[in-house]
Amino acid sequence: MEFFERFAIPHPSPAIYASMVAIVLVSIGIVAGLTYFKKWGYLWREWLTTVDHKKIGIMYLVSALLMLFRGGADAIMMRAQLSAPDMKLLDAQHYNEIFTTHGVVMIIFMAMPFIFAFMNLIVPLQIGARDVAFPRLNALSFWLFFAGAMLFNISFVIGGSPDAGWTSYFPLAGNDFSESVGTNYYMLAIQISGIGSLMTGINMCTTILKMRAPGMTLMKMPMFTWSAFIANVIIVFAFPVLTVALIMGTTDRLFATNFFTTSNGGMDMLWANFFWIWGHPEVYILILPAFGLYSEIISTFSRRNLYGYSSMVWSMVLISLLSFLVWTHHFFTMGQGALTNSIFSITTMAIAVPTGVKIFNWLFTMWKGKIRFTVPMLYSIGFIPLFTIGGVTGVMLAMSAADYQYHNTMFLVAHFHNTIIPGVVFAMLAGLTFYWPKFFGFMLNEKIGKVTFWLLTVGFVLAFFPMYITGLDGQARRMYTYSEATGFGALNMLSFVGAALMAIGFVTIVYNVYYSFKNSSRDIGSDPWDARSLEWATHTPVPEYNFARTPQISSSETFWDSKKNGHVLFKGEIEEIHMPNNSGVPFVMGIIFFIAGFSFIFALWVPAVIGLIGIFICMAMRSFEKDHGRHISVKEIKETEEKLGGAK
Amino acid sequence: MIKKWTLLTSMMALVFVLAGCEPLLVLDPKGPQAERQANDIILSIGIMSIIVVVVMAILVFILFKYRASNLPDDYEPPHIHGNKWVEIVCVGVPILIVAYLSFVSVKSNYIVESTPEGYENQEPLVIYASSSDWKWHFSYPEEGIETVNYLYIPTDRPIEFKLYSYGPITSFWIPQLGGQKYAMSDMVTTLHLAADEAGEYMGRNANFSGKGFAENTFNVTAMPQADFNDWIEEVYQTAEPITESQFEELLEPGHLGQMTFTGTHLEFSPAPEHAHNEVSDEDNNESHEHSNHENHTEDETDHSGH
């Protein structure tokens, strides 16, 4: 009996039982649907075994959107619980689990796959490559992310979710104070998807350094590719720290190693240091690709080249260096003294300078331009003032003496949502709308898109600006309830209204996809926005091999030059193209990682060890495999090109 | 100067109006440390609002002037790479602002980490504040008394809090007297505060510490030294001494009301001031002093061994 007790949820509620039923019903529905429509073969051939960067990008995109709704459901429950004093909607335990999973899901399982989706979809096209450097590794990265995400998501119905906050500070996250398996889920699920992220980092760096089309020097790379490159360099340096910290945390919980406990020589703040040495660069991993997307969108819809290209690049390089020098600002209040706090206060504020340069460069890109207010552009315009407010409150927080008053309050919560929502989420939605026609062959409806934008913007302001005030009034973050006497009620109700507007906004995105799928014209050509960079130079939908002939690059806006200044992009004859073969191994490895991770979480050693052996067998098989890929013949390419609207 | 202060006052007014006319706790300081922090906050809100307003003004101007519907159909935007002067301004001005704020920040760091201004000549009152799930224990080693979940302090006297924890990391915070600091189970941190005015203040744990975190609060009452002395006397007459077994019971997770004892738990359960290395006492005191960058140099064993 004890065996099964471990899988029981420690704090069940009707909402959780309802979700269990829903999960089972949806799973049965999916299996039945696939069988009825005979789509198993299609699913396996076209998606589960694919190594095509575009399809992997789309899978990342779909997963990210699903996780956005999961994390959003958590958010709306939190705001509802806090909307009035002494609310009884959730109890303390449930609330703690919800803000923990909200943080983890939004950062690790929503924002990360969202940026990986755009890196996969766009980077190879922007640099004129056929695929990423290691296509099969790329598929493995995705399936590891997916295994981690699914593992994390079953936590609330099997064994209980983590409840120590997304930062999971020890000793609270240790066995003494977090007795359920929740924190094991945290450690293993993030570990598995983190390995995937690290591999993507290596893969993308290699791709960008080695696979650029002839003529594309580093300083001729489009801005999104630059931002992706720098983000991936940060990934390569930051994620190993997370991997090691999570291993140490896992062994603390499973094997009583005492790295972070407060007895037997453990140090609790060591975890905080490790966590933020990864965690602070992580926020730049998320924001830099977003900056890249904004650069592409603002210059496209201002019909102008990006102002200050080289200062944009140098500011990103500087941000990437500084991102590793600021982690201590997350615990100014740890008591390390005035000298240490002063140093980290200054390095943190210094990031404002390169970030400011970028803001001004976007402003001057619009200057003397011809601005079209399309949906992607609206997000980019809304981003500038909102992100500026988020940025300057960051400078305020960086003043460490004053931070003693902001730390752990709603002021901080307001600040980081003020950077991450207009910064990352808006950028992803802008990118989604911008690149949708390239990958799905139809435009999203502009009218519904504008409604979404306004709902999200107004909702965002209502939801988060009141928190600056309640924070200064003494409302600590992560409090599941407060009394009438505190006077936080009215402002928190305002936040709830804002959150509800945002929720409606996100639902309109789904409606927009459905509406546009049914009604939008499929006759949009390959360049519906009159864009400037190379990804728009190929057909829509993009053929498997991206470009029939390798493009010749002359500037960072080589496609624009080919349209306006007579630059010839594609020269020479069509030749045979070498492409990688599909493989089921990455998908299988994802499943094995999932099983092994689950077994470790519940300390089921036999399947855990079998799973680990299985992983090594898959790796060994790969090293003995002779797979040299395949060639697409000239005839086949010509046929495809003709079908897609004539050879370019 | 007049302009700056008009702006600051109007900013403050705006914040107060938004908050329903009651002054926000952090911006309503009752002690020198909190006052310094409130001044820094108001100053930075002022400077930062100017930046936001400038960016918004430029944005609105550009959007208005260069919107496609406002321009002739044949208008083709020019190709502009950059401009040396524009870039000097865009880099230079932020550097100046950040440099000025860094200067203020560094100065404030040293101020909030030392005995409050105006109280340098006085002997500080030392209070050990330790947290357990989900309570606060306050030990007054010099007075030989201990309270749970409430704090009496004399006004116009520097207070030196020694913070540590019997469980997860917590953060000791009395917004109107000064900013917070962590209490951890393997080291002692020091927080310097002082109250200028008598009154009741809200204190709480600000760092998430599990299920009972939301209710992890305590009341602070500041009173003149004479009243404080009377209170000590009263405690001696009415309260029971604290025993080791009773203290162990108090440490059990859960919420408690306010309690008062004579004696302190430091006698049988000392603060983790010497936890990290097991050398002689003098060495430990020294390394502890250095690691905390404290300005005062009194011997701590005096208090803990009282």
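Residues numbered from 1 in each chain as written. Chains lettered and ligands numbered in written order. Predicted model: local features only at pLDDT ≥ 70, side-chain atom pairs only at ≥ 80, totals over all residues. Heavy atoms only, no water.

Right, let's talk about the pattern of salt bridges for a bit. Under the counting rule described, the total for this entry stands at 18 salt bridges over all chains. For B:Lys162, the salt bridge goes to B:Glu160, with nearest N and O atoms at 3.4 Å. The pair B:Lys162 / B:Glu160 is uniform in exposure class, with both members buried. Among the ionic contacts, a cluster of salt bridges with common partners joins A:Arg303, A:Asp527, A:Asp530, A:Lys563 and B:Glu76. (Salt bridge = Lys/Arg side-chain N within 4 Å of Asp/Glu carboxyl O. Buried < 20%, exposed > 50% of the residue type's maximum accessible area, 1.4 Å probe, protein only.)

Residues and elements named next belong to chain B. With mixed pairing, the 5 strands of this open sheet are ordered in space as E4-E10-E9-E6-E7. Only two strands of the sheet have a single neighbouring strand rather than two, namely strand E4 (150-154) and strand E7 (178-183). The sheet shows a mean angle of 20° between the axes of neighbouring strands, direction not considered. (Pairing = 2+ DSSP bridges. Helix = DSSP H or I, 4+ residues; strand = E, 2+ residues; numbered from the N terminus. Axes fitted to C-alpha atoms, helices over the stretch in contact; angles between N-to-C directions.)

With 90 residues of chain A at the interface, the matching set in chain B holds 87 residues. Carbon and sulfur atoms make up 69% of the area that chain A and chain B hide from each other, which totals about 7,300 Å². For the pair chain A and chain B, the number of links is 1 salt bridge. Residues A:Arg303 and B:Glu76 are paired through a salt bridge, measuring 2.8 Å at the closest nitrogen-oxygen approach. (Contact = heavy atoms within 4.5 Å. Buried area = accessible area lost by both parts, 1.4 Å probe.)

Inside soluble globular proteins, nonpolar side chains tend to come together where they are buried. The biggest cluster of nonpolar side chains holds 239 residues, and the ones touching the most others in it are A:Phe109, A:Phe118, A:Trp271, A:Trp362, A:Met366 and A:Ile384. Take this core: its biggest share by element is 23 residues, from helix H5 (residues 92-126) of chain A. If we skip the residues at most four places from it in the chain, A:Met366 touches A:Ile298, A:Ser302, A:Ile371, A:Met377, A:Ile384, B:Leu59, B:Ile62, B:Leu63 and B:Tyr66. One finds B:Ile145, B:Phe172, B:Leu191 and B:Leu193 within the second-largest nonpolar core, a separate group that totals 30 residues. (Core = buried A, V, L, I, M, F, W, Y, C linked by side-chain atoms within 4.5 Å.)

Moving on, we come to the packing of helix H13 (residues 375-398) of chain A against helix H15 (residues 410-440) of chain A. All names here are of chain A. The geometry of H13 relative to H15 is characterised by a closest axis approach of 8 Å and an angle of 160° between their N-to-C directions. Between H13 and H15, the interaxial angle falls into the category roughly antiparallel. The way H13 lies across H15 gives a crossing that is left-handed. For the contact of H13 with H15, a count of residues per class yields 16 nonpolar, 9 polar and no charged. (Parallel < 35°, antiparallel > 145°, perpendicular 65-115°, else oblique. Left-handed = near helix turned anticlockwise from the far one by under 90°. Nonpolar A, V, L, I, M, F, W, Y, C, P; charged D, E, K, R; others polar.)

Residue and element names in this part refer to chain B. Of all 5 residues making up strand E8 (residues 189-193), 5 are buried, and the element is well covered by its neighbours. Because side chains alternate across E8, one face comprises the buried residues Thr 189, Leu 191 and Leu 193, and the other comprises Thr 190 and His 192, equally buried. Where strand E5 (residues 159-165) and E8 come together, 5 bridges link them in antiparallel fashion. Within the sheet, the bridge partner assigned to Ile 159 lies in E8 and is Leu 193.

Further remarks concern a nonpolar patch on the surface. A cluster of nonpolar side chains, namely A:Leu209, A:Leu218, A:Met219 and A:Trp314, defines an oily patch on the protein surface of about 400 Å² accessible area. With respect to the secondary-structure elements, A:Met219 resides in the loop between helix H7 (182-210) and helix H8 (223-255). (Patch = residues over 30% accessible without salt bridge, like charges linked within 9 Å, V, L, I, M, F, W, Y side chains within 5 Å. Areas by Shrake-Rupley, 256 points an atom, 1.4 Å probe, with all protein chains shown as cover.)

Taking 1.5 Å of rise per residue, 23 residues should cover 33 Å, and helix H2 (residues 14-36) of chain A covers 33 Å from first to last C-alpha, within 8% of that figure. Two residues or fewer after H2(A) comes A:Lys38, characterised by a positive phi angle close to 50°. (Expected span 1.5 Å × (residues − 1).)

Moving on: the environment of A:Ile16. All names here are of chain A. Examined against the element boundaries, Ile 16 turns out to sit in helix H2. Residue Ile 16 is classed as buried on the basis of its relative accessible area, which comes to 3%. Considered as a pair, Ile 16 and Val 157 are 141 residues apart in the sequence and their alpha carbons are 6.7 Å apart. Those residues within four positions of Ile 16 in sequence are excluded, and the remaining contacts are Ile 9, His 11, His 94, Phe 156 and Val 157.

This next bit is on the confidence of the model for chain B. Caution is warranted with low-pLDDT regions, since their predicted coordinates should not be read in detail. Residues and elements named next belong to chain B. In this model, chain B carries an average pLDDT of 85, and 82% of its residues clear a pLDDT of 70 or more. When the criterion is pLDDT under 50, residues 276-306 qualifies, and its contacts beyond four places in sequence or with other chains add up to 50 contacts. On the interface metric, ipTM, the complex scores 0.91, and its pTM is 0.92. (pLDDT = per-residue confidence, 0-100.)

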